[in-house]
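# Chain and residue survey
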Amino acid sequence: MHRERLYRTEAIILKRSDFGEADRLLTLYTPKLGKIRAIAKGVRKPTSRKSGHVELFTHSQLLIAKGRNLDIVTQAETIHAFRLLREDLLRTTYAYYAAELIDLFVEEGIENRPLFNLLLAMLGWLSEASDLDLTTRFFELHLLSLLGYRPQLFQCVACRRQIEPATNFFSPADGGILCANCGENHRGAKEITLTALKVLRFLQTRDYDTCCRLHLSPPLHRELEKVMYDYITYILERSLKSVKFLNTLRRQRIGSG
Ligand SMILES: [Zn+2]
């Protein structure tokens, strides 16, 4: 008889896909092991006792057996269910975006406990927040900082001068703000209003409880979303499925009045 090697870990379920006849392949984010993948056997059967503990966005305690190819979840127990994130379609979409960002930004097996803590906090915030866009911008800025992509928002990334209170530019390729002089005719740099810049600085440097008290107009929200999305897709060199879905959802909501 061969001996199984078991390990125990907390995990957030980032992604799951069908595997075999009744199994699921899970992508998990853990505090110590970073991103890992494991099979949850039999969880698509209606009688499965494990299935509720390995739902998308659930924070669970898992016991995992090392497999020859893929590891196997042998026990699962929910710590936080974040039920609302699966029941409210809009909240689901934002949670899907947060999970997709983690999945695309991190390689398997790299520990980043502050990032795990940020994601865990994010799932709680998304369960309650009234302004999901604001919460998401906060999450993006702090995720970027924790991964070494913190955008420079206080001085010009080209000439290093302090940014003047005027319309400046954001350059995804340069990772931050360009002053009015350097940004003019700079390839890929787009104008950013002073208000948008101030909000990004505020979100980058304050804690969540302070930030979630901000009230932003819809046009300002759209501007901030565009700046962050341009920057994130520049780094990742790809678009995000969850954002396409979010935009479809928004159009349908407008269409249905
Ligand atoms: Zn400059």
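Below or above, wherever it landed, is the structure these notes cover. (Residues numbered from 1 in each chain as written. Predicted model: local features only at pLDDT ≥ 70, side-chain atom pairs only at ≥ 80, totals over all residues. Heavy atoms only, no water.)

## Observations concerning the overall build of the chain
Looking only at helices and strands, one finds nine helices and eight strands in the chain. Overall size of the chain, expressed as C-alpha extent along the three principal axes, is 70 × 45 × 30 Å. Going through the 257 residues of the chain one by one, you find that 49% of them count as buried. Contacts in the chain between residues far apart in sequence, at least 24 positions, make up 58% of those at least 6 positions apart. Total accessible area on the chain stands at roughly 13900 Å², and carbon and sulfur atoms take up 49% of it. (Helix = DSSP H or I, 4+ residues; strand = E, 2+ residues; numbered from the N terminus. Buried < 20%, exposed > 50% of the residue type's maximum accessible area, 1.4 Å probe, protein only. Contact = heavy atoms within 4.5 Å. Areas by Shrake-Rupley, 256 points an atom, 1.4 Å probe, with all protein chains shown as cover.)

## Concerning the coordination of the zinc ion
A four-donor tetrahedral metal ideally has 109.5 degree angles, and a six-donor octahedral metal ideally has angles of 90 or 180 degrees. Within the protein, the zinc ion binds to Cys-156 (SG), Cys-159 (SG), Cys-179 (SG) and Cys-182 (SG); these donor distances fall in the range 2.3 Å. Taken together, the four donor atoms coordinating the zinc ion span angles of 99 to 117° at the metal, a pattern that classifies the geometry as tetrahedral. Going along the chain, you hit the donors of the zinc ion in the pattern C-x2-C-x19-C-x2-C. (Donors = N, O, S within 2.8 Å, 3.2 Å for Na, K, Ca; no water. Tetrahedral: all angles 85-135°; square planar, octahedral: opposite > 155°, others 65-115°.)

## What about the pairing of strand E6 (residues 168-171)?
Residues Asn-168 and Phe-170 point to one face of E6 and Phe-169 and Ser-171 to the other, with burial holding for every one of them. Taken together, the three bridges between E6 and strand E8 (residues 190-192) define a ladder with antiparallel strand orientation. Looking at the pairing, Phe-170 lines up with Lys-190 of E8. Where E6 meets strand E7 (residues 176-178), three bridges bridge the pair, whose relative direction is antiparallel. Of the residues in E7, the one forming a bridge with Phe-170 is Ile-177. (Pairing = 2+ DSSP bridges.)

## Side note on the sheet that holds strand E4 (residues 59-65)
Sheets are built from strands that pair by backbone hydrogen bonding, the pairs being arranged parallel or antiparallel. Strand order in the closed barrel formed by five strands is E1-E2-E3-E5-E4, with mixed pairing between adjacent strands. Averaged over all neighbouring strand pairs, the angle between strand axes comes to 50°, with direction disregarded. Bridging between strand E1 (residues 6-19) and E4 involves seven bridges; their strand directions are antiparallel. Looking at E4, one finds that Tyr-7 is bridged to Ile-64. Along the sheet, helix H2 (residues 89-105) contacts E1, strand E2 (23-30) and strand E3 (34-40); its crossing angle with E1, the most-contacted strand, is approximately 110°. Most of the contacts of helix H3 (residues 113-128) go to E1, to which it runs at about 60°, and overall it touches E1, E2, E4 and strand E5 (71-80). (Axes fitted to C-alpha atoms, helices over the stretch in contact; angles between N-to-C directions.)

## Details of the packing of H3 against helix H4 (residues 132-146)
Interhelical geometry of H3 versus H4 gives an angle of 180° and a closest axis separation of 10 Å. Considering the angle they form, H3 stands roughly antiparallel to H4. Across from Pro-114, Leu-115, Leu-118, Leu-119, Met-122, Trp-125 and Leu-126 in H3, the residues of H4 making contact are Leu-132, Thr-135, Thr-136, Phe-138, Phe-139, His-142, Leu-143 and Leu-146. (Parallel < 35°, antiparallel > 145°, perpendicular 65-115°, else oblique.)

## Regarding the packing of H2 against helix H8 (residues 218-236)
Relative orientation of the contacting elements H2 and H8 amounts to 30°, with a least axis distance of 11 Å. Handedness of the H2/H8 crossing: left-handed. Residues Tyr-97, Leu-101, Leu-104 and Phe-105 of H2 pack against Ile-232, Ile-235 and Leu-236 of H8. Among the residues making up the contact of H2 with H8, the classes are represented as seven nonpolar, no polar and no charged. (Left-handed = near helix turned anticlockwise from the far one by under 90°. Nonpolar A, V, L, I, M, F, W, Y, C, P; charged D, E, K, R; others polar.)

## What about the packing of aromatic side chains?
According to the stated counting rule, one finds six aromatic pairs in the structure shown. With centroids separated by 5.5 Å and ring planes inclined at 75°, the aromatic side chains of Phe-170 and Tyr-231 adopt a geometry described as edge-to-face. Of this pair, Phe-170 sits in strand E6 while Tyr-231 sits in helix H8; the two residues are 61 residues apart in sequence, bridging distant segments of the chain. Residue class for Phe-170 comes out buried when judged on its relative accessible area of 4%. Through successive ring pairs, a cluster of aromatic residues spans Trp-125, Phe-138 and Tyr-208. (Phe/Tyr/Trp six-rings, centres within 6.5 Å; stacked < 30°, edge-to-face > 60°.)

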